[in-house]
Amino acid sequence: MITVVGATGNVGGPLVRMLAARGAEVTAVSRGEPAGGLRHVRADLAAPESLRPAFEGAEAVFLIVPGAGEGVDGPALVEQARAAGVRRVALLSSLAVTTRPGSGSYAPMRSLERTIAGSGLAWTFLRAGGFASNAYAWAPEVRAHRRITAPFGDVGLPIVDPQDLAEVAAAVLLGDGHDGQAYELTGPEPSTPRSRARDIGDALGEPVRFVEQTPAEAREQMLRFMPAPVADGTLEILGAPTPDEQRISPDVEKILGRAPGAFAGWAARNVAAFR
Ligand SMILES: NC(=O)c1ccc[n+]([C@@H]2O[C@H](COP(=O)([O-])OP(=O)(O)OC[C@H]3O[C@@H](n4cnc5c(N)ncnc54)[C@H](OP(=O)(O)O)[C@@H]3O)[C@@H](O)[C@H]2O)c1
């Protein structure tokens, strides 16, 4: 059995469906009730003992943690997994764990990786770049005004489609040879906020205007739905990416045997959110 914590989100949602379609027994975990017929256990990462019923009988656990893992008690989480007999853990992590070694914003995720790597459990880390699905934050403004207001309009990053992350996760959980591996997962090409506005417009069949926002305006907006260290860490990457953050990683293609999907494909599949 495979337990997926964070099973109703951008990555976990497609992942549990893929695993079930390939014949795996799956337990989906989130705080809220999911739609669909999979076995579901309600649990909260903030209370590690609540995960025990979801870990019992699981051979492998896939972990998606909020933000950069702040508020997650790694040792307690690992203890629950070990006590339940779990043998492998795959963690959805962030590229920034290595590209921003001095940044406190990513310290909780770095510490969670260290705890898992030192736990004696088999582990795999999926270190992802920025997600295409972060563009959902633009959906209300696109629906209302056919406009996107964002900072750093011409800074490109190889953002990754969460569907590809789910496929990589399924390959890792169902296949062999991934223990002790840390994969870097990006998209196939750099994409800028301005080019993403164009792609969403193309998917809609109507132009979407791009309006450049100052970093201070963007920070104020981000603080409404994320803690300050995560907002600051994110803005640093969006505004001044390091060469490692701009690099297109071969890992998605190595694992899936095909190139990762571009942002235009994500926009076309998810255009309903922007109508
Ligand atoms: N966005 C990026 O650019 C980016 C880049 C690199 C890495 N990441 C990593 O990827 C994660 C986001 O993945 P995603 O987009 O698939 O997330 P998402 O769509 O926000 O979904 C989060 C999932 O986790 C569950 N969840 C949230 N808090 C929980 C808690 N305390 N206990 C148990 N379950 C909880 C949610 O359901 P409930 O709310 O019902 O519990 C949902 O199933 C980030 O948090 C980060 O760690 C993101």
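Here, every reference points to the structure presented above.
The residue numbering used here restarts from 1 in each chain and proceeds along that chain's sequence as written. Predicted model: local features are reported for residues with pLDDT of at least 70 only, side-chain atom pairs are reported and counted for 80 or more only, and whole-chain, interface and lining totals are derived from all residues. Processing note: side-chain calculations cover all non-hydrogen atoms of the structure and skip hydrogens and water entirely.

## Things to note about the overall build of the protein chain
Along the backbone of the protein chain there are 13 helices and nine strands. Our radius of gyration is a C-alpha quantity, and the globule rule it is checked against amounts to 2.2 Å times the number of residues to the power 0.38. In summary, the protein chain has a C-alpha radius of gyration of 18 Å against a globular reference of 19 Å for 275 residues, a match within 12%. Burial classification: accessible surface area is computed with a 1.4 Å probe over protein chains only, and a residue below 20% of its type maximum counts as buried, one above 50% as exposed, and the rest as partly exposed. Buried residues in the protein chain amount to 51% of all 275 residues. Considering only intrachain contacts with a sequence separation of at least 6, the fraction spanning at least 24 residues in the protein chain is 76%. The accessible surface values rely on the Shrake-Rupley method and a 1.4 Å probe; as for residues, cover is taken only from the protein chains in view. Looking at the protein chain as shown, the accessible area adds up to about 12,100 Å², and 51% of this sits on carbon and sulfur atoms. By the criteria applied, helices consist of DSSP H or I runs no shorter than four residues and strands consist of E runs no shorter than two, each listed in order from the N terminus. Note on contacts: a residue pair is in contact if any heavy atoms of the two residues lie within 4.5 Å.

## Quick notes on the packing of aromatic side chains
Think of it this way: a Phe, Tyr or Trp ring, Trp meaning its six-membered ring, pairs with another when their centres are within 6.5 Å, and the plane angle makes it stacked under 30 degrees, edge-to-face over 60, tilted otherwise. Tallied over the entire structure, the rule returns four aromatic pairs. The interplanar angle of 20° and the centroid separation of 4.3 Å between the aromatic rings of Trp123 and Phe125 together place this pair among those described as stacked. A relative accessible area of 3% means that Phe125 is categorised as buried. Three or more aromatic residues joined by ring pairs form one cluster here, namely Tyr136, Phe263, Trp266 and Phe274.

## So, the sheet that holds strand β4 (residues 60-64)
One bridge is not enough; two strands pair if DSSP finds at least two bridges between them. Overall, parallel pairing links the seven strands, which are arranged β3-β2-β1-β4-β5-β6-β8 in an open sheet. Two strands lie at the open edges of the sheet, namely β3 (39-42) and β8 (181-185), each paired on one side alone. Neighbouring strand axes in the sheet, compared pairwise and without regard to direction, differ in orientation by 20° on average. With five bridges connecting them, β4 and strand β5 (residues 88-94) associate as parallel partners. Note on geometry: axes are lines fitted to C-alpha atoms, helical ones only across the stretch in contact, with angles between N-to-C directions running from 0 to 180 degrees.

## Considerations on the nonpolar core
Working definition of a nonpolar core: buried Ala, Val, Leu, Ile, Met, Phe, Trp, Tyr and Cys residues. They are joined through side-chain atoms within 4.5 Å. In this structure, Leu15, Leu19, Phe62, Leu92 and Leu126 are the most contacted members of the largest nonpolar core, which totals 31 residues. Setting aside residues no more than four positions away along its own chain, Leu19 makes contact with Ile2, Val4, Ala24, Val26, Ala170, Leu173 and Leu174. Of all hydrophobic cores here, the second largest spans 27 residues; its members include Val41, Leu51, Ala58 and Ala81.

## Quick look at the packing of helix α9 (residues 215-222) against helix α10 (residues 228-239)
Axis separation between α9 and α10 bottoms out at 10 Å; the angle between their running directions is 145°. The interaxial crossing formed by α9 with α10 has right-handed handedness. Counted together, Pro215, Ala218, Arg219 and Met222 of α9 and Ala228, Ala231, Asp232, Thr234 and Leu235 of α10 form the full contact between these two elements. Note on residue classes: Ala, Val, Leu, Ile, Met, Phe, Trp, Tyr, Cys and Pro are nonpolar, Asp, Glu, Lys and Arg are charged, and everything else, Gly too, is polar. Partitioned by chemical class, the residues of the contact of α9 with α10 number six nonpolar, one polar and two charged. Each helix crossing is assigned a hand: it is left-handed if the near helix lies turned anticlockwise from the far helix by less than a right angle, otherwise right-handed if that turn is clockwise.

## Notes on the pairing of strand β1 (residues 2-5)
Residues of β1 alternate between two faces, with Ile2 and Val4 on one and Thr3 and Val5 on the opposite face, all of them buried. Alignment of β1 against strand β2 (residues 26-30), held across four bridges, turns out to be parallel. Directly across from Ile2, in β2, lies its bridge partner Val26. Look down the strands so they point away from you; if the path from the first strand over the helix to the second goes clockwise, the crossover is right-handed. With respect to chirality, the unit in which β1 leads through helix α1 (residues 12-21) into the neighbouring parallel β2 is right-handed. Bridge count for β1 against β4 is four bridges, and the pairing is parallel. Bridge pairing links Val4 to Phe62 in β4.

Any link to function would need more than the numbers given here.
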